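What the coordinates show
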Amino acid sequence: MRARFSLLVPFVVATLGTAFARPVRGDEAAARAEAEAGSRAWAAGELQKAAEAFGRAIALDPTRPSYSVLRARALGELLAEDDLSAPNLARLATVVGIWDELLAADPGNGEYAQAVPRLFERVGDRAGLERWLAARAANPALAPALRAAALRSAAEPFLGRASREAADGRHSEAARLAGLARARLEAALVLDPDSVATHALRVHALEVELAAARQGGDSARSSRLERLLVHARQSVARAAERDEELQSPDDL
Amino acid sequence: MTSISRRDLLSLGGCAALGLFARSAAASRLSAMAALAEPLAPTDYRALVAVFLAGGNDSNNMVVPVTGYAAYSAVRSAAGLAIPQAQLLGVTPPAMGGATFGLHPELSELHALWGQGKVAVVCNVGTLVEPLPTRADYRNAAKKKPYQLFSHSDQQGIWQTSRADTRVQTGWGGRIADVLACANPGAILPMPISVAGINVFAQGVATRPLAVPDSDTSLSNVFALSGFSSSAESIARRAAFDAIRGQDVHLPLVRASNETLQQAVDIAALFGTNPTLSPDRFSGLSTSISRQLKQVAKIVKLNRDSAGLGLNRQVFFVQQGGYDTHQNQISEQAALFDGLSRALSAFQLTMEDLGYGDRVTAFTLSDFSRTLQPAGSGSGSVGTDHAWGSHHLVVGGAVQGGNFYGVNGPNGSIFPSLVLGDVAGTSDTDSRGRWIPTVAVEQYAATLARWFGVSDANLPAVFPNLHRFAPADLGFLSPPGSGLPGCA
């Protein structure tokens, strides 16, 4: 089996409960009933009711993180889109706080790890997302692959903007943005040197930078970037070779 | 000048094209669909990507209950077929009342997309002629069952045609293209494109799919017209080749042949440039499913960037084989899921790069699921046999993801109880864990079709048996039920 971040820390829902007081049996049943009521409310599109029901389930049985997950999901759906008002940002902070707590208790959980960025995007808080990703990347308690993934996520918007600038002929700005992206990607590769995806994005960043250097007639920089690009492409191939499962026999 | 016969010319130009491209020989049938297809094009773009898991995917090991793991483990652990609980990638679907589940450990990229709300699971889907809510209904001779249950070829056909009551020659992908022909006015490229050969899924009444090879073949080489150069002789030969296609058009077979050839020539011109994906999210991936999805991504990009294409709706078909795991399931399914997960994730990321993250929806199909009870034992050789209802994945930005969808079964849940035999609340056909589906293929497909733009008025034309099942829309796509203006 490949060693990837999702497997580094196993799924430990069952053990999370040890951090909390055990509910009595009747409370567990009542909590389940509340959670099921929350699910019905969710299905009916009544997200506020769902969040409240999941909240009552947590109060009755705090040992089950799944109730917190469901409450966070419902609260996330209640966030107003593209709304940077103080109340909405406060609600965002609450939901992000729940996810961060869940991830702190189960640092390898991919479901928790991926839940937050879309909340910032929903609200339209790009700066907040960058701050949050930076904090995650710097958090030594998290698995290196997870921190690397945060850095890669932080690089992606710069790459996207760089591609658009390049398409519009603004090569200098494209190169600046691609350089910012590449710095993050290279930091990610220090943490997770075998990520084919990160290596591939670095190739893309270098291609944008090289195009700008050629456009600007900077032959010295072009030569240096060409060498880096050759090396980066080889790194993609080497990372793919190291990942045995990428060499799976054809199945069709 | 060398003498070249008309037949030589046709075979010369058509040799590459005719093997790959099939088109309707009955243009008159177009008129039959004209009443359904009105000429008002939408301005948005949407695509459906069918991912067929050929051989019958064991979805019992794709989505495993964590709450209630004991029931699963009781049947599968002793034979070495259970996925250890600690390896499962946990998910908490809001529909399940706080119960937790786990995805197969090799689906980690899809698990990440789950966390982003871009993956949903549709539970216990299968071929049905009419609802069979209980085991007693299944055993009731008066109730209609799909023909040739548990047979690969028949069940594959039913999944692709959505007709469990009879064999038909059209698939639901092709019939969607029939009723939404209005979405792509004047298009040279057909709406359905298969990267896995010709199949019934993409065949319509008036629509014939285009079949293209995977990304190992550049798009510019798919219909490359060989045998012509810039010499005077060659130019004259090409002019004759073009002119000859206008002759004898009163003969139906000749006309059909000419139309097919002309369409191949036209598509060759459109495919003249081979788009590159930048960044290439498929870097390092070499499996067949990754190459197929990469080719789909390149066609989507070409369509986006080419005024000559300008399609508003596309349907794609790709396939991953190898799921008939009577033996060696643990290792073989793990390898397949690894390839599937990486390829689907790369595809979704590419769609997001193109700005189409919420306009393209990929979804799985499969012959059937497999028996919960293992066949054989020992993790090196244990497998499973053919079964029925299975769980399926839907991937894309329009997916109301991070949740399970379905219809409640006899246990009061959309997820079947993993208990064998004739026990209250279970839906086993016999004693080996073959779940009677609670969601018909029609419901699953109609949900996708409605999102794609098929109006409620046109749903019966695509899914004649849909009226037997409720609800028609399972709600896993947003916005649901957005009928295409002008195609109603």
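With that settled, the discussion passes to the overall build of chain B. On a plain count of helices and strands, chain B comes out with 14 helices and twelve strands. By the burial criterion, 61% of the 488 residues in chain B qualify as buried. When contacts within chain B are restricted to residue pairs at least 6 apart in sequence, those whose partners lie at least 24 apart make up 75%. On chain B, roughly 15,800 Å² of surface is accessible, and the fraction owed to carbon and sulfur atoms is 54%.

To continue, consider the side chain of R73 of chain A. Topologically, R73 of chain A is positioned in helix α5 (residues 65–78). For the buried R73 of chain A, no salt bridge exists, and the shortest N-O distance to an oppositely charged side chain is 4.5 Å, to E111 of chain A. Residues within four places of R73 of chain A in sequence aside, it is in contact with W42 and W99 of chain A together with T92, P94, G401 and G402 of chain B.

Turning to the sheet that holds strand β2 (residues 63–65) of chain B, a few remarks are in order. All names here are of chain B. One open sheet holds the three strands; their spatial order is β2-β4-β3, and the pairing between them is antiparallel. Bordering the open sheet on either side are β2 and β3 (89–91), each of which pairs with just one other strand. Strand after strand, the sheet turns through a mean of 35 degrees between neighbouring axes, direction not considered. Together, β3 and β4 (101–103) form the strand contacts of helix α4 (residues 108–115), whose direction differs from that of β3 by roughly 25 degrees.

What follows deals with the environment of S288 of chain B. Residues and elements named next belong to chain B. Among the structural elements, S288 can be located in helix α11 (residues 288–305). Looking at S288, the relative accessible area reads 2%, which means it is buried. Along the backbone, S288 and D214 are 74 residues apart, and their C-alpha atoms lie at a distance of 7.8 Å.

What follows covers the side chain of R175 of chain B. Residue and element names in this part refer to chain B. Here R175 shows up in helix α7 (residues 172–179). Among buried Asp, Glu, Lys and Arg side chains, R175 stands out as unpaired, with D178 the closest opposite charge at 6.8 Å. If near-sequence neighbours (up to four positions away) are discounted, R175 is found in contact with T161, S162, V168, T170, Q203, G204, A461, V462 and P464.

All names here are of chain B. Summed over the entire model, instances satisfying the criterion amount to 22 aromatic pairs over all chains. Judged by centre distance (4.6 Å) and plane angle (15 degrees), the rings of Y45 and Y356 are stacked. Highlighted residues: Y45 in the loop between α2 (29–34) and β1 (46–53) and Y356 in the loop between α12 (329–353) and β9 (360–366), separated in sequence by 311 residues. For the pair formed by Y45 and Y356, the shared burial category is buried.

Let's shift gears to the nonpolar core. All names here are of chain B. In this structure, V49, F271, L293, F316, F347 and F404 are the most contacted members of the largest nonpolar core, which totals 75 residues. Looking at this core element by element, the count peaks at eight residues for α12. Here F404 is in contact with V63, V91, P93, A95, M96, F101, W114, V121, C123, I414 and F415, once residues within four sequence places are set aside. Counting residues in each nonpolar core, the second largest holds 42 residues, with L48, L448, W451 and F476 among its members.

Attention now goes to the confidence of the model for chain A. Residues and elements named next belong to chain A. Across chain A, the average pLDDT comes to 86, with 87% of residues at or above 70. Low pLDDT, under 50, characterises residues 1–20; the stretch is placed with 50 contacts to residues that sit more than four places away or in other chains. Considering only residues more than four positions removed or in separate chains, one finds that residues 247–252, a stretch of pLDDT under 50, has 18 contacts.

The interface of chain A with chain B comprises 39 residues on the first partner and 54 residues on the second. The junction of chain A with chain B conceals about 3,600 Å² of combined surface from both sides, 52% of it contributed by carbon and sulfur atoms. Counting every contact that joins chain A to chain B gives one salt bridge. In this structure, R281 of chain B and E156 of chain A form a salt bridge, with 2.6 Å as the shortest nitrogen-oxygen distance. Residue assignment for the side of chain A that touches chain B shows that the elements contributing at least two residues are α1 (5–8), α3 (25–43), α5, α7 (110–113), α12 (196–215) and α13 (219–242) of chain A. Broken down by class, the residue content of the side of chain A that touches chain B amounts to 17 nonpolar, eight polar and 14 charged.

Most peptide bonds are trans, and most residues other than glycine sit at a negative phi. Residue and element names in this part refer to chain B. The amide bond that connects S278 to the next residue, P279, takes the cis arrangement and shows omega of 0 degrees. Relative to the helices and strands, P279 resides in the loop between α10 (252–270) and α11. Across the junction of A470 and P471, the peptide omega takes the value 0 degrees, indicating a cis bond. Even without being glycine, Q148 reaches a positive phi, approximately 50 degrees. Relative to the assigned elements, Q148 resides in the loop between α5 (135–139) and α6 (152–161).

This part is about the packing of helix α10 (residues 144–167) of chain A against helix α11 (residues 171–191) of chain A. Residue and element names in this part refer to chain A. Running from amino to carboxyl end, α10 crosses α11 at an angle of 170 degrees, the nearest separation of the two axes being 8 Å. It follows that α10 is roughly antiparallel to α11 by the angle criterion. Here α10 and α11 pass one another in a crossing that is left-handed. A per-class count over the contact of α10 with α11 returns 18 nonpolar, one polar and six charged.

What follows concerns helix α3 (residues 69–76) of chain B. All names here are of chain B. Of the positions making up α3, those classed as buried are Y69, Y72, S73, V75 and R76. All buried residues of α3 fall inside an arc of 165 degrees around its axis, so they share one side. In this structure, α3 carries A70 and A74 as exposed residues pointing more than 90 degrees from its buried face. In this fold, the buried residues of α3 make contact with β2 and α12.

Rules used throughout
Residues numbered from 1 in each chain as written. Chains lettered and ligands numbered in written order. Predicted model: local features only at pLDDT ≥ 70, side-chain atom pairs only at ≥ 80, totals over all residues. Heavy atoms only, no water. Helix = DSSP H or I, 4+ residues; strand = E, 2+ residues; numbered from the N terminus. Buried < 20%, exposed > 50% of the residue type's maximum accessible area, 1.4 Å probe, protein only. Contact = heavy atoms within 4.5 Å. Areas by Shrake-Rupley, 256 points an atom, 1.4 Å probe, with all protein chains shown as cover. Lys, Arg positive; Asp, Glu negative; His and termini not counted. Salt bridge = Lys/Arg side-chain N within 4 Å of Asp/Glu carboxyl O. Pairing = 2+ DSSP bridges. Axes fitted to C-alpha atoms, helices over the stretch in contact; angles between N-to-C directions. Phe/Tyr/Trp six-rings, centres within 6.5 Å; stacked < 30°, edge-to-face > 60°. Core = buried A, V, L, I, M, F, W, Y, C linked by side-chain atoms within 4.5 Å. pLDDT = per-residue confidence, 0-100. Buried area = accessible area lost by both parts, 1.4 Å probe. Nonpolar A, V, L, I, M, F, W, Y, C, P; charged D, E, K, R; others polar. Parallel < 35°, antiparallel > 145°, perpendicular 65-115°, else oblique. Left-handed = near helix turned anticlockwise from the far one by under 90°. Arc of directions from axis to C-beta.

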